[in-house]
Amino acid sequence: MLERRHGTFFGPGSGRHMVFSSEKPEKPLETLKVLLSYIGRYRLSIFIVLLCIVGTSALSIISPYLIGKAVDVYIMPKNLTGFGRFVAMMFTIYLFNSLLLYVQSFTMADISQNLGFQLRKEMFDSIHCLPLGFLDKKQIGDIMSRVVNDTDTICMTVGTSITQFISGVIMLIGTVSMMIFLSPVLTMFSFILIPLMALITKIISSRTRNYFFQQQTKLGQVNGIIQENITGWKIVKVFGKEKDELEKFEKTNSQLRDCGIMAQQFSGILPPMINFLNNISFAIIGGIGGALTIKKIITIGTIVSFINYVRQFTRPVNELANQYNMIQAAIASAERVFEITEAEKEKEQQHHIQIKDIKGKVEFKNVWFSYEKGKYVLKNINFSVEPGQTVAIVGPTGVGKTTLVNLMTRMYEIDKGQILIDGIDIKNIKKTDLRKIIKVVLQDTYLFAETIKENIRYGKLDATDQQIINACKIANAENFIQYLPEKYETVLIDGGQSLSQGQRQLLSIARTILAEPKILVLDEATSNIDTKTEKDIQQSMLKLMEGKTCFVIAHRLNTIKNADIIFVMNEGEIIEKGTHKQLMENKGFYYHLYTSQFGEIAISNG
Amino acid sequence: MQKINRKDFRAFTGYLKPYYKLAILAPLFMVLEVIMDLMQPKLLSRIVDHGIMMGNMDLIIKTGFMMIIVAVIGMIGGIGCTIFSTIASQNFGHDLRKDMFKRILDFSPADIDRFTPSSLITRLTNDINQVQQLVLMSLRLLVRGPLLCIGGIVMAFIINFELSLIILVLIPLLLFIFFKITKKSFHLFSIVQQKIDRLNLVVRENLSGIRLIRIFNRQEYEKQRFYEANRNLATSLLQAINVVIKIGPIVMLIINAGILSILWFGGKMYLAQRIEIGEIMAFISYLLIIMMSLVMVSNFFIFISRAGASIERINEIFKIKQRREDIHYKEIEIKGNVEFRNVFFDYEKDKNEPLLKNICFSVEQGETVGIIGKTGSGKTTLLNLIVGLYTPLKGEVLIDNVPVKEISPEILRKNTGYVSQNVFLFSGTIREIIAWGKPDASDEEIKQAAKIAMMYDFILSLPDGFDTYIGEKGINLSGGQRQRLTIAAAIIKKPKILIFDDCTSSVDLLTEKNIFSNLKKIEKCTTFIVTPRIFSIMDADKIIVIEDGTIAGIGTHQELLETCRYYREVVESQTGEKINA
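Residues numbered from 1 in each chain as written. Chains lettered and ligands numbered in written order. Predicted model: local features only at pLDDT ≥ 70, side-chain atom pairs only at ≥ 80, totals over all residues. Heavy atoms only, no water.

Q: Where do I start with the overall build of chain B in this structure?
A: Each helix and strand counted, chain B has 20 helices and 13 strands in total. Across the 581 residues of chain B, 62% fall into the buried class. Of the contacts made within chain B by residues no fewer than 6 positions apart, 77% connect residues no fewer than 24 positions apart. Per element, the accessible surface of chain B, about 23,300 Å² overall, is 57% carbon and sulfur. (Helix = DSSP H or I, 4+ residues; strand = E, 2+ residues; numbered from the N terminus. Buried < 20%, exposed > 50% of the residue type's maximum accessible area, 1.4 Å probe, protein only. Contact = heavy atoms within 4.5 Å. Areas by Shrake-Rupley, 256 points an atom, 1.4 Å probe, with all protein chains shown as cover.)

Written as structure tokens, this is what we have:
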């Protein structure tokens, strides 16, 4: 009784369930590993960047030392011979430093944008390999958010954080080394507060990571609500539900704000604290360094160097803390991205049978199917259809008609039994080959924001314009297309909303006609077309259906009457099979269904 | 470069107004931090010149302690600023998002088409985030940067006038470079936003039409489409970033050159006993402070470029005039008489031949009206006019003799039920879905509605009955079941005007017939049924035949058989027999 239809979801309810019901990124280390493996693809560029980082760091470490030297050797003693040359040398060093920095940034930006490109591509490719069951459970808006927002976060972070992080570490080590070299005692006193700061940093950043993850999740949810409301605006308006939808949005919006506040407050506390460390160090250097200088243990130049080193020290520490937070956010986003890319893809059989000259015989042998384990939607379906036959499938709504035809194209995999085409189990046929010979015209037409011509060409990418026009003529779409201002070049707006439902259906049929399948499935394809137009198409449809095996799900009398066989379905099973005449004589389910619809007229017409 | 209007900016600051206390406190605390930061170099130079050089231990220790106290106060300032600025900016973003969403809900379909749904999504999420960040950074840096800079300059001047001249040369140089580069990047970043829109569009289409893509094996084609959008985005983003990264190295070089100049000239001046060592040290510190604050400000400007593009895009939404702002609505009690008086309509205002031409008919309350016509003849459009989604270009649509556009939307919504062609399934329990049209509906009313829509037995057969969850993680319904649920949701309001826009296409005739006959039993309700099936409307009080946007015939089934050729043809094609008029 249950059939799945792909529609957009929105409306009342206490909020959607995200796949991540936990609030922390679940496996940060694993995610980090995968992320690093992606980044590792750009080995050469990273090597260049590393070289630059080492270079700029080394130069930056030398610089304060040189300044100290300038004070001690030239200025203090009031001896300026050779000072000019010394200054010139320092300038050359600075120039080189800037150049290296530029190359570094440039290369890193390249890497990060390539990474972004790569991640988006892999997500998109994954979407097309994932089983429909997986995708059905996600909101469109949420996946869009992952492709755009989450990859952006990762990209931006990688672009800046990695270099900052590495150069920060090198600077840190180098700076401390130089300081110890200049004066171990002063170094020790300068760093008294470090352990305390480290502890505080740790506590803060773990809280930050969680909040960032929550923030990204909320952003995905907000995206989802927006997406649905914009797509379903008409229903919202007509039901006057603007206020309620606003309330629903408001709730998630507020949650987003609250997460954001917590995330940013925690991460924002760090810089002032680091600054504090900075200033305390200055105080200590001034105080204790001053005492040491008076005792002639160190020179003033050393103090100058130390001041500069401490300044240089706290900058990387500050940035490390910042970057740590950003990296947390990136990991949170990466986890959301990898959930899509690392998900189990649809498996393809190893050995495929090449199919040639398909005649179009279709058999179902003991087929059972369920969307959810155990709740069978189709039970023990058995039938055999000869090539070229037209089969009508009838039955009350929800009995499994659409599900049945979905299985033929392997949209979903069956639980038990076999489906055979020309005697070959479709599990052994490559899906792309299978879908070349079977075409389904759906009830939900789907058209893209491209020209009408391109939409029709979808049926056969290498079709000529003439072939497209022919297909439209057969489908009876040519008429209304000619009335459009740009005719075939008319660009359909986001989803083809500018055409009426019936016109969209005609385009969808034209598209299928172009594809020339061997097996055709019409899933209530003409349900939205008025009978007169449908009658006009009927002629061409019959011509199209000639020689092909056709499965037609329909409610319309004419369509059903002329079928070679009729399958009558109820509650997931085929309960009656036969021609119209046979079934009427049977006086069974079909008879009752038929007569209640068409009453006296029908019976008198036989 | 797109200029941001002063007016637009002011509109934005309006959102910050409710939080003005925070918006003032944040910078104030920042001022505290800045002042403390500016004092440090001075105190340090005092230690060197008056402490070390004079051998005064006492002074050294005292000044050292002062520096510690100053550091503590500075930290308090910094933390305070963070807390207040965060709260203010997040609330700002929240309010802005809410208002924008409200606006968009109010959009006419033409507006939504113009902006395209994907772009609207980008604006509501991406663009608002940018602006929110902008506010946050403003509250933190807008005070810190300039104050540090000016304070630093002042302190430098106080120490030594001549050396300060170096600074006066460097500052304009730095500023010139910032502005030149920023200007270029602004334009580039707005292109980036467009590319993001396009990417959003392609992803959205692929996700919605995934079944179609698989059936037609169009994965490769779609991947190519995506590849282009993806590549374009990466390229334009890289272009924009490359312009911006030039700033860092150049600034660094200028700063370092400044330090060298100070050493050089300072050294000379020390020789001439015109300056102290400690003062030279302090000078270097202040130079760094000034330069770094200029960097801070420049980064801020870069960010403005990216955010400026976003501001523009957000403003475009707010510029759309809200409809029906100043109409005085009539609060009438709707009975259900509907009249079309010489109505002309098209979605585009200046079309030569509008979609609907000279539609005239009148329907009395309680009548059942069938509407039949060719694909694209204007049936749905006609219905849209009845419920007031659009207004006629010429002529009037009247309900109980009042023009629809003058009726209060709330009353209109309450008393009309619309079941459309495109069935959007809600997510929620069945109970919630049916009660969507009337949240205060009683269980009895819900059951009643389900019965009329022929869903009652099916719902009872489910393990959780009315509490069964539909949608993600819940059960899934067939097309016909969804349509019937939608019908139940419309019926529960007990509307005076009920519209069915070909929404029983997936429902078999038997069920459909039962639904309509059930409907007749409930209170007098004017019902419009658009359907291609003659059998559904054969017993209607009136049937309206629409051909090419005009009325080809009105009457009962029998009357039309005699008078309307088109109608005859349709009946023939559906019953399969010739009718002799």
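Picking up after the structure, the text goes on.
Q: Would you mind going over the confidence of the model for chain A with me for this structure?
A: Do not read the fine detail of predicted coordinates wherever pLDDT is low. Residues and elements named next belong to chain A. Overall, the prediction assigns chain A a mean pLDDT of 81, with 87% of residues at 70 or greater. Low confidence marks residues 1–23, where pLDDT is under 50. Its contacts with residues over four positions away, or in another chain, come to 98 contacts. Ignoring residues within four places in sequence, the model shows residues 600–606, a span with pLDDT below 50, making seven contacts including any to other chains. (pLDDT = per-residue confidence, 0-100.)

Q: I would appreciate a short explanation of unusual backbone geometry in the present structure.
A: When glycine is set aside, most residues are seen to have a negative phi, and most peptide bonds are trans. Backbone geometry at Asp422(A) places phi at a positive 50°, although glycine is not the residue there. Inspection of the secondary structure assignment puts Asp422(A) in the loop between β5 (416–421) and β6 (424–425). The class of Asp422(A) is partly exposed, set by a relative accessible area of 26%. Despite not being glycine, Asp400(B) shows a phi value in the positive range, around 50°. With respect to the helices, strands and loops of the structure, Asp400(B) is situated in the loop between β4 (394–399) and β5 (402–403). Taking the relative accessible area as the measure of exposure, Asp400(B) reaches 16% and is therefore buried.

Q: I'm lost on the sheet that holds β6(A) in this one. Help?
A: Two strands in a sheet stick together by hydrogen bonds in their backbones, pointing the same way (parallel) or opposite ways (antiparallel). Residue and element names in this part refer to chain A. Taking strand neighbours across the sheet as the criterion, the four strands line up as β3-β2-β5-β6 in an open arrangement whose pairing is antiparallel. Among the strands making up the open sheet, the edge pair consists of β3 (375–385) and β6. Note that strand β2 (residues 362–372) and β3 share seven bridges and pair antiparallel. Considered in β3, the bridge of valine 367 is made with isoleucine 381. Seen against the sheet, helix α11 (residues 401–408) touches β2, β3 and β5 and runs at an angle of roughly 110° to β2. (Pairing = 2+ DSSP bridges. Axes fitted to C-alpha atoms, helices over the stretch in contact; angles between N-to-C directions.)

Q: I keep staring at the interface of chain B and chain A and nothing clicks. Help me out?
A: The parts lose accessible area when they come together, and the size of an interface is often stated as this lost area. The interface is formed by 173 residues belonging to chain B together with 173 residues belonging to chain A. For the chain B and chain A pair, buried surface summed over both sides reaches about 16,300 Å², with 66% attributable to carbon and sulfur atoms. Viewed at the interface, chain A and chain B are joined by three salt bridges. Across the pair Lys223(B) and Asp125(A) runs a salt bridge, and its minimum N-O distance is 4.0 Å. Seen at the junction of chain B and chain A, the total is 26 residue pairs in polar contact (both at pLDDT 80 or more). Tallying contributions element by element places helix α3 (residues 57–105) of chain B first for the side of chain B that touches chain A, with 24 residues. (Buried area = accessible area lost by both parts, 1.4 Å probe. Salt bridge = Lys/Arg side-chain N within 4 Å of Asp/Glu carboxyl O. Polar contact = N/O pair within 3.5 Å; in protein donor to acceptor, adjacent residues only side chain to side chain.)

Q: Where do I start with the packing of helix α3 (residues 83–129) of chain A against helix α6 (residues 161–208) of chain B in this structure?
A: How two helices pack is summed up by the angle between their axes together with the distance between the axes. Taken N-terminus to C-terminus, the directions of α3(A) and α6(B) make an angle of 15°; their axes are 11 Å apart at the nearest point. Relative to α6(B), α3(A) is oriented roughly parallel. Crossing angle aside, the handedness with which α3(A) passes α6(B) is left-handed. Contacts from Arg120(A), Phe124(A), Ile127(A) and His128(A) of α3(A) reach α6(B) at Leu199(B), Val202(B), Asn206(B) and Leu207(B). (Parallel < 35°, antiparallel > 145°, perpendicular 65-115°, else oblique. Left-handed = near helix turned anticlockwise from the far one by under 90°.)

Q: Please explain the sheet that holds strand β7 (residues 438–441) of chain A as it appears in this structure.
A: Residue and element names in this part refer to chain A. If you trace the six strands from one edge of the open sheet to the other, you get β7-β8-β9-β4-β10-β11, paired in mixed fashion. This sheet does not close on itself; its edge strands, each paired only once, are β7 and β11 (573–578). For this sheet, the mean inter-axis angle between neighbouring strands, taken without regard to orientation, is 20°. Looking at chain direction, strand β4 (residues 390–394) and strand β9 (residues 549–553) are connected through four bridges and run parallel. Within the sheet, the bridge partner assigned to threonine 390 lies in β9 and is cysteine 550. The strands that α11 touches are β4, β7, β8 (519–523), β9 and β10 (565–570); relative to β9, the one it contacts most, it runs at about 150°.

Q: Explain the pairing of β10(A) to me, please; I cannot follow it from the model alone.
A: Successive side chains on a regular strand alternate, one facing one side of the sheet and the next facing the other. All names here are of chain A. Of all six residues making up β10, five are buried, and the element is well covered by its neighbours. One ladder, built from four bridges, connects β4 with β10; its direction is parallel. Looking at β10, one finds that valine 391 is bridged to isoleucine 565. Of the pairings in the sheet, the one linking β10 to β11 comprises five bridges and is antiparallel in character. Opposite phenylalanine 567, over in β11, you have lysine 577 as the bridge partner. What sits between β10 and β11 in their antiparallel hairpin is a turn of two residues, with glutamate 571 showing a positive phi close to 50°.

Q: Whenever I open this one, the confidence of the model for chain B confuses me. Can you help?
A: Residue and element names in this part refer to chain B. Scored by pLDDT, chain B comes out at a mean of 84, with 91% of its residues at no less than 70. At the low end of the mean pLDDT range in chain B sits strand β7 (residues 425–426), at 58; at the high end sits strand β1 (residues 338–345), at 92. Across the whole predicted complex the pTM is 0.69, and at the interface the ipTM reaches 0.74.

Q: Looking at this structure, how should I read the pairing of β4(A)?
A: The element β4(A) is largely enclosed, with a buried count of five among its five residues. Of the two faces of β4(A), the one carrying Thr390(A), Ala392(A) and Val394(A) and the one carrying Val391(A) and Ile393(A) are both buried.

Q: Teacher, can you tell me more about the packing of α3(A) against helix α5 (residues 140–182) of chain A here?
A: Residues and elements named next belong to chain A. Two numbers describe how α3 lies on α5: the axes approach to 9 Å, and their chain directions differ by 155°. Overall, the two elements α3 and α5 adopt an arrangement that is roughly antiparallel. Of the two possible hands of crossing, α3 and α5 adopt the one that is right-handed. For the pair formed by α3 and α5, the contact residues are Gln104, Met108, Ser112, Gln113, Leu115, Gly116, Leu119, Arg120, Met123 and Ile127 on the first element and Ile143, Arg146, Val147, Thr151, Ile154, Cys155, Met156, Val158, Gly159, Ile162 and Thr163 on the second. Class assignment of the residues belonging to the contact of α3 with α5 gives a composition of twelve nonpolar, seven polar and two charged. (Nonpolar A, V, L, I, M, F, W, Y, C, P; charged D, E, K, R; others polar.)

Q: Explanation requested: the packing of aromatic side chains in the structure shown.
A: The relation between two aromatic rings is expressed through the spacing of the ring centres and the mutual angle of the planes. As enumerated under the stated definition, the model contains 28 aromatic pairs over all chains in all. Centre to centre, the rings of Phe340(B) and Phe361(B) are 4.7 Å apart; their planes meet at 15°, and the pair counts as stacked. Here the residue Phe340(B) occupies a position in strand β1, and Phe361(B) occupies one in strand β2 (residues 356–363), the gap between them amounting to 21 residues. What makes Phe340(B) buried here is its relative accessible area of 2%. Through a chain of ring-to-ring contacts, the aromatic side chains of Tyr74(A), Phe83(A), Phe86(A) and Trp264(B) assemble into a single cluster. Positioned above the aromatic ring of Tyr270(B), the side-chain terminus of Lys78(A) is 4.9 Å from the ring centre. (Phe/Tyr/Trp six-rings, centres within 6.5 Å; stacked < 30°, edge-to-face > 60°. Lys NZ or Arg CZ within 6 Å of the ring centre and 35° of its normal.)

Q: Sorry if this is basic, but what is going on with the pattern of salt bridges here?
A: When the charged atoms of two side chains lie near each other, side chains of opposite charge can form a pair. Taken as a whole, this structure holds 36 salt bridges over all chains when the rule is applied. When the shortest N-O distance is used, the salt bridge between Arg225(B) and Glu450(A) registers 2.9 Å. Separated into two different chains, Arg225(B) in helix α8 (residues 219–244) and Glu450(A) in the loop between β7 and α13 (452–457) make up a pair that spans both. Take Arg225(B) and Glu450(A): they sit in the same class, and that class is buried. Within the structure, one salt-bridge network assembled from shared partners comprises Asp142(A), Arg146(A), Asp150(A), Arg336(A) and Glu339(A).

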